[in-house]
Amino acid sequence: MAKARYILRFDDICPGMNWRVWEEIERVLVANNIKPLLAVIPDNQNPALNVVPPCEDFWERVREWQERGWTIGLHGYQHRHLTDNGGILRLNAQSEFAGLSEAEQREKLEKGVAIFKANGVTTHVWIAPSHSFDRVTARLLPQVGIDTISDGLALYPYTEPEGVIWVPQQLWRFRDMKIGGVWTICNHHNDWDAKNIVTLRTFIEKRRDAFTTFEAVATEYANRRKNLADGIALRVVKGKFWLSNALKR
Ligand SMILES: [Zn+2]
């Protein structure tokens, strides 16, 4: 039977995030040669995500991660709560994108990508704030150079008929999954303490070989279509783990 493989994703990466905790996380990742997916906000305007004074050399740090082979995802534009629309996934009834016009959405995507470019950062990955975006967003993504989405509930990455690759994101906690699949674990480190770091380190050290990278699986499953197994196996998982409080981000 296929084994579980894991990808680590860290959300809300912005100049005012919890750097003290982040330095610890980074040490663990580097020591274990884990290449995570980082959800970087181009121009954060959500005060709740600023927990320390802004880091002055933020973009230099982002470029360092990029050079290290870590994947940088576009985490919205300003991470603002503009509509109560849950979008395609309906995980949270709040969005910076879903429900807005095509023109408004295009402008935000273009501005976000432009900020990345101006700072020497390239991306091909979309990570919607609050997991909320709609069909309009999905259609616009290739127009700004984005061909892959980190989101959705499936066992393995798959490609939609329109050609966009979805790498599913199913977990918000460190879970030892007995079901074969590619499991993306989403983390919000702003409120982490020393205990969370220990959990992270222990989880990684126990199953170092089970870790893969976002880029590797996006390539590996580029021709896969979503199928029945995704739905059935996930219903089981969903009953147990999903929709925990950690999800309300
Ligand atoms: Zn976020």
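See above for the structure.
Not measured: the values here are computed from a predicted model.

Novice: Give a detailed account of helix α2 (residues 58-67), specifying residues and quantitative values.
Specialist: For α2, the complete set of buried residues consists of Phe58, Trp59, Arg61, Val62 and Trp65. Taken end-on, α2 shows its buried residues confined to a sector of 155 degrees, consistent with a single buried face. The secondary structure elements touched by the buried residues of α2 are β1 (4-13), α1 (19-31), β2 (37-40), β3 (71-74) and α3 (102-118). Trailing α2 by a residue or two, Gly69 shows a phi angle of about 90 degrees, which is positive.

Novice: For the coordination of the zinc ion, give the residues involved together with the corresponding values.
Specialist: All of the protein donors around the zinc ion are Asp12 (OD), His75 (NE2) and His79 (NE2); their distances to the metal are 2.0 to 2.1 Å. Read in sequence order, the donor residues for the zinc ion give the motif D-x62-H-x3-H. Pair noted here: Asp12 is in strand β1 and His79 is in the loop between β3 and α3, with a separation of 67 residues, a long-range link. An identical accessibility class is assigned to Asp12 and His79; each is buried.

Novice: I'd like to hear about the pairing of β1, residue by residue, with values.
Specialist: Among the ten residues of β1, nine are classified as buried, and the element is accordingly described as predominantly covered. Relative to strand β8 (residues 181-187), β1 runs parallel, the two being bridged by seven bridges. Opposite Arg5, over in β8, you have Val182 as the bridge partner. Examined bridge by bridge, β1 and β2 share three bridges and lie parallel to one another. Within the sheet, the bridge partner assigned to Phe10 lies in β2 and is Leu38. Handedness of the β1-α1-β2 crossover: right-handed.

Novice: Break down α1 for me, citing the residues and quoting the values.
Specialist: One full turn of an α-helix is made of 3.6 residues, so residues set three or four places apart face in the same direction. If you check α1, its first and last C-alpha atoms are 18 Å apart, about what 13 residues at 1.5 Å a residue would give, namely 18 Å. Among all positions of α1, only Trp19, Val21, Trp22, Ile25, Glu26, Val28 and Leu29 are buried. Of the surrounding elements, those touching the buried residues of α1 are β1, β2, α2 and α5 (194-206). Between the side-chain oxygen of the N-cap and the backbone nitrogen of Arg20 there are 3.3 Å, and the N-cap of α1 in question is Asn18. Backbone geometry just after α1 places Asn33 at a positive phi near 50 degrees.

Novice: Outline the pattern of salt bridges, listing residues and values.
Specialist: By the definition in use, this model includes 13 salt bridges. Between Asp176 and Lys178 there is a salt bridge, and its shortest N-O distance comes to 2.9 Å. Taking the relative accessible area as the measure of exposure, Asp176 reaches 40% and is therefore partly exposed. Overall, Lys178 belongs to the exposed group, its relative accessible area being 66%. The partner of Asp176 in a salt bridge is Arg207, with the nearest N and O atoms 3.6 Å apart. With Asp176 in the loop between β7 (165-167) and β8 and Arg207 in the loop between α5 and α6 (214-220), this pair connects stretches of sequence that are 31 residues apart. Via salt bridges that share partners, Glu23, Glu26, Arg61 and Arg68 belong to a single interconnected network.

Analysis parameters
Residues numbered from 1 in each chain as written. Predicted model: local features only at pLDDT ≥ 70, side-chain atom pairs only at ≥ 80, totals over all residues. Heavy atoms only, no water. Buried < 20%, exposed > 50% of the residue type's maximum accessible area, 1.4 Å probe, protein only. Helix = DSSP H or I, 4+ residues; strand = E, 2+ residues; numbered from the N terminus. Arc of directions from axis to C-beta. Contact = heavy atoms within 4.5 Å. Donors = N, O, S within 2.8 Å, 3.2 Å for Na, K, Ca; no water. Pairing = 2+ DSSP bridges. Right-handed = clockwise from strand over helix to strand, strands pointing away. Expected span 1.5 Å × (residues − 1). Polar contact = N/O pair within 3.5 Å; in protein donor to acceptor, adjacent residues only side chain to side chain. Salt bridge = Lys/Arg side-chain N within 4 Å of Asp/Glu carboxyl O.

Distances and angles like these do not, on their own, reveal function.
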